[in-house]
Amino acid sequence: MAEIKTPPIRNLEESFRDEENGLVFLKNVSIPLKGSHLPIRANVYIPLSSDPKAKYPVLITYGPYGKDIPYETFHKGSFSEVNPEHRSKYSAWETPDPVYWCREGYVIVRADERGLGQSPGLLDTMSQGTSECFFDVVEWSAEQSWSTGKVGLLGVSYYAGSQWRVAARRPKGLAAIIPWEGMSDYYRDRCRHGGILSNKFIGFWWNRQVLVNQYGRAGRSKLTFPPDGPGARGQEDTLEGDLSDEDLVANRRDQTKDNEANRFRDDDYYSSKEYRLEDIEVPVLSVANWGGILLHLRGNVLGYTYAGSKFKYLRFITGRHDLPFYYHEEVELQKSFLNAFLKGQDTVGWSVPGKVAPVTVTLRKGNVGYNDAEKEKVYQKREESAWPIPRTVLTLFYLAPDETLTTSPPGPQQSTRVSYKALGSLENPQAIQFISAPFQEETEITGHIVAHLNVSVTPEAAAANGLDIDLFLTLRYIHPSGEEVFYTGTAGDPVPLCKGWLRVSNRKVHDEDAKHKPWLPHREYLSTDVLPVEAGEVYGVDIELWPTNVVVDRGGQIVVEVSSGDTQGSGIFQHNSEIDRPASKFAGQNHIHFGAGLENYIILPVIPSK
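Residues numbered from 1 in each chain as written. Predicted model: local features only at pLDDT ≥ 70, side-chain atom pairs only at ≥ 80, totals over all residues. Heavy atoms only, no water.

Draft legend 1. Quick look at the overall build of the chain. Helix and strand counts for the chain stand at 14 helices and 26 strands. Computed over the C-alpha atoms, the radius of gyration of the chain is 25 Å, within 12% of the 25 Å expected from 2.2 N^0.38 for a compact globule of 610 residues. Overall, the chain is about 80 × 55 × 45 Å in size when its C-alpha atoms are taken along their principal axes. Across the 610 residues that make up the chain, the buried fraction comes to 61%. The long-range fraction of contacts in the chain, counting pairs at least 24 apart against all pairs at least 6 apart in sequence, stands at 76%. Within the structure as shown, the chain displays about 23300 Å² of accessible surface, and the carbon and sulfur contribution to it stands at 49%. Distance between charge centroids for the chain: 3 Å, based on 65 positive and 79 negative side chains. (Helix = DSSP H or I, 4+ residues; strand = E, 2+ residues; numbered from the N terminus. Rg over C-alpha atoms; globule rule 2.2 N^0.38 Å. Buried < 20%, exposed > 50% of the residue type's maximum accessible area, 1.4 Å probe, protein only. Contact = heavy atoms within 4.5 Å. Areas by Shrake-Rupley, 256 points an atom, 1.4 Å probe, with all protein chains shown as cover. Lys, Arg positive; Asp, Glu negative; His and termini not counted. Charge placed at Lys NZ, Arg CZ, Asp CG, Glu CD.)

Draft legend 2. Fine view of helix α11 (residues 297-306). α11 sits mainly inside the fold: 9 of its 10 residues count as buried. Buried within α11 we find Leu-297, Arg-298, Gly-299, Asn-300, Val-301, Leu-302, Gly-303, Tyr-304 and Tyr-306.

Draft legend 3. Structural view of the sheet that holds strand β4 (residues 56-63). The mixed open sheet is built from 11 strands, whose spatial order is β1-β2-β3-β5-β4-β6-β7-β10-β11-β12-β13. Every other strand in the sheet has two partners, leaving β1 (14-18) and β13 (380-384) as the edge strands with one partner each. Going across the sheet, the axis of each strand differs from the next one's by a mean of 20°, ignoring polarity. Sheet analysis places strand β7 (residues 174-180) next to strand β10 (residues 284-289), joined by 2 bridges and oriented parallel. Bridge assignment links Trp-180 to a residue of β10, and that residue is Val-287. Set on the sheet, helix α4 (residues 128-143) makes contact with β2 (23-31), β3 (40-47), β4, β5 (107-112), β6 (147-156) and β7; between it and β4 the angle comes to about 165°. Lying over the sheet, helix α12 (residues 328-343) contacts β4, β6, β7, β10 and β11 (312-317), oriented at roughly 160° with respect to β7. (Pairing = 2+ DSSP bridges. Axes fitted to C-alpha atoms, helices over the stretch in contact; angles between N-to-C directions.)

Draft legend 4. Representation of the pairing of β11 in the model. Burial of β11 is extensive: 5 of the 6 residues sit out of reach of the surface. In terms of handedness, the path from β10 via α11 over to β11 forms a crossover that is right-handed. Bridging between β11 and strand β12 (residues 359-363) involves 2 bridges; their strand directions are parallel. Of the residues in β12, the one forming a bridge with Leu-314 is Val-359. (Right-handed = clockwise from strand over helix to strand, strands pointing away.)

Draft legend 5. Spatial organisation of the packing of aromatic side chains. This model, assessed by the stated rule, comprises 35 aromatic pairs. Here the aromatic rings of Trp-501 and Trp-546 are separated by 5.6 Å at their centres, their planes lie at 80°, and the arrangement is edge-to-face. Of this pair, Trp-501 sits in strand β22 (residues 498-503) while Trp-546 sits in strand β23 (residues 539-552), and the two are 45 residues apart along the sequence. Above the plane of the ring of Trp-205 lies Arg-190, whose end atom (NZ or CZ) is 4.4 Å from the centre. Here the basic side chain of Lys-515 rests over the ring of Tyr-306, its NZ or CZ set 4.5 Å away from the ring centre. (Phe/Tyr/Trp six-rings, centres within 6.5 Å; stacked < 30°, edge-to-face > 60°. Lys NZ or Arg CZ within 6 Å of the ring centre and 35° of its normal.)

Draft legend 6. Layout of the pairing of strand β26 (residues 601-607). Taken across its 7 residues, β26 has 7 buried, putting it largely inside the fold. What you see with β26 is no split at all: Tyr-601, Ile-603, Pro-605 and Ile-607 on one side and Ile-602, Leu-604 and Val-606 on the other are buried throughout. Bridge count between strand β14 (residues 393-399) and β26: 6 bridges; the pairing is antiparallel. Residue pairing across strands places Leu-396 opposite Ile-603, the latter belonging to β26. Of the strand pairs in this sheet, strand β18 (residues 443-459) and β26 are connected by 5 bridges, and their pairing is antiparallel. For His-452, the partnering residue across the bridge sits in β26 and is Tyr-601.

Draft legend 7. Structural view of the pattern of salt bridges. Within the structure shown, the criterion is met by 37 salt bridges. Arg-17 serves as the salt-bridge partner of Glu-19, at 2.7 Å between the closest nitrogen and oxygen. Take Glu-19 and Arg-17: they sit in the same class, and that class is exposed. Note that Lys-27 and Glu-236 form a salt bridge whose closest N and O atoms lie 2.6 Å from each other. Of this pair, Lys-27 sits in strand β2 while Glu-236 sits in the loop between α7 (199-210) and α8 (245-250), and the two are 209 residues apart along the sequence. Of the residues examined, Lys-27 reaches a relative accessible area of 14% and is grouped as buried. (Salt bridge = Lys/Arg side-chain N within 4 Å of Asp/Glu carboxyl O.)

Draft legend 8. Examining the nonpolar core more closely. In this structure, Phe-316, Leu-475, Ile-558 and Ile-602 are the most contacted members of the largest nonpolar core, which totals 127 residues. If you tally residues by element for this core, the top one is β23, at 8 residues. Ignoring anything within four residues of it in the chain, the contact list for Ile-602 reads Thr-395, Leu-396, Phe-397, Leu-399, Leu-405, Ile-449, Val-450, Ala-451, Leu-475, Leu-545 and Val-560. Judged by nonpolar contacts, the second largest core, of 42 residues, contains Leu-26, Phe-134, Leu-153 and Leu-174. (Core = buried A, V, L, I, M, F, W, Y, C linked by side-chain atoms within 4.5 Å.)

Draft legend 9. Structural detail: α12. Burial analysis of α12 places 12 of its 16 residues in the buried class, which makes it a mostly covered element. Of all the residues in α12, the buried ones are Glu-330, Val-331, Leu-333, Gln-334, Lys-335, Ser-336, Phe-337, Leu-338, Asn-339, Ala-340, Phe-341 and Leu-342. Phi for Gly-344, located one or two positions after α12, is positive at around 70°.

Draft legend 10. Just the environment of Glu-14, in detail. Counting through the fold element by element, Glu-14 comes out in strand β1. Residues Glu-14 and Leu-26 lie 12 residues apart in sequence; the distance between their C-alpha atoms is 5.8 Å. The residues contacting Glu-14, other than those within four sequence positions of it, are Phe-25, Leu-26 and Lys-27.

By themselves, these figures tell us nothing about what the structure is for.
In structure tokens, the structure reads:
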């Protein structure tokens, strides 16, 4: 790899005593790295104390969005809705507010990730290299004079997803993590859903939120948020000086290009980002949002499932992506968990085996609307002893050629098929919907979902590089009133129950792996696993849909939607790359086949009433 270009590195640290907010603010502290002469730069917020030898546990965030960019600048509309207890001049997007947490007896360390903000180095988000830097930040924080030696990780989204990776490295001092809506599987959760590139969000995220903050980028202080219109300025230029455009390109790995160019988990790009959740030993509180159906939800659930921790907890919430982290009741939850493992003050029983239920489920019953936190408070919560819920009854609902959904297995039937156009999109959806009869009694569905379809393709033209089929599945709920029920998505947008995807050439299942379950087909997505797709050949495939919850009212109906591209609820998480989905390979008619030996069904996790 080429040498990283940087201006001369110098000491940038400043210190401020803030009597009004009760803290000492150390800005641009240089944290040394074991594998590089380049530092990580962090802001450190220390509770104000008359005792110069006072020590505190430490909460760390490490990420790309700029430790010096105020939350109010980064997303003014969101900041205005944050719980006032967590709004201060030091607040930053998706991170704990320093004023609040210093008042609670914690030091906050907010670090700019390598290659971003004021931290020089290679910009390579979510990579092994940047995770190694995070490891050093944790160990450094545990050794400082103001530290008790106990470190916790607390943050949302990127600041959550990075927690899994560094915790698996077991840095000295790390005592607990709270990955709040944070994907744990870079390939399956974020980049390639069922092997299909989720390009729209990656491009949005990279160009609007990451690239603008690269270390050495000229004119950062002149940028506004949002970047495509009038907005507030809050970024700082690189204090050590700007870099040329050529050096900036050399100093980064571009996610939009890398994810498009690499397709399999054994490609160097993806394999370099792998780690083992089983290596995590510290206590984990994994918080999953039912509405995060295209990015984080799966990662929180499986992160909890596979983490090797003695004390691990899974909590399901609803609401927008940005606000619940700051709700009063949720902060009390965070605080009690962190106090237990970082301060030894366990008022709840987190550290007592069997005291706290490992799983708390939010039950989505009724049609309360979406993006309304007050109305969502009617959702009840229930504690469970394990995940998946042990009393789950896996129930088959069969797809029928008349586009119905039934629990009755199909009798003898002639071979037939239903067809829809390939290469659908959010703007031009191509889908078939299978709808159940009204449920005769209230029925809860909570857990993982898998569908089995028998599919083929009639291509539009002969393909020089082979054919393929992309399957997009959506589960929807129709209220007894006849209206579809929408839930609060990541950005406050209306989303259905859940979605799932599969590229048929990636259909190989590793059923010999211990992670393979009847409710969760295990795929490795390796280049050596690719199977051919031929015109007219029928392939039986299992499709993973992400976990979900709904309490179906008596008279309600469930819809299984099969499409060839994104449909309602995809929002910015679209799969529309013409490089990843070229017409030469995908265009034509897709078919679902019915007949002897060709059963099509979806397995729903039904929870019997206690």
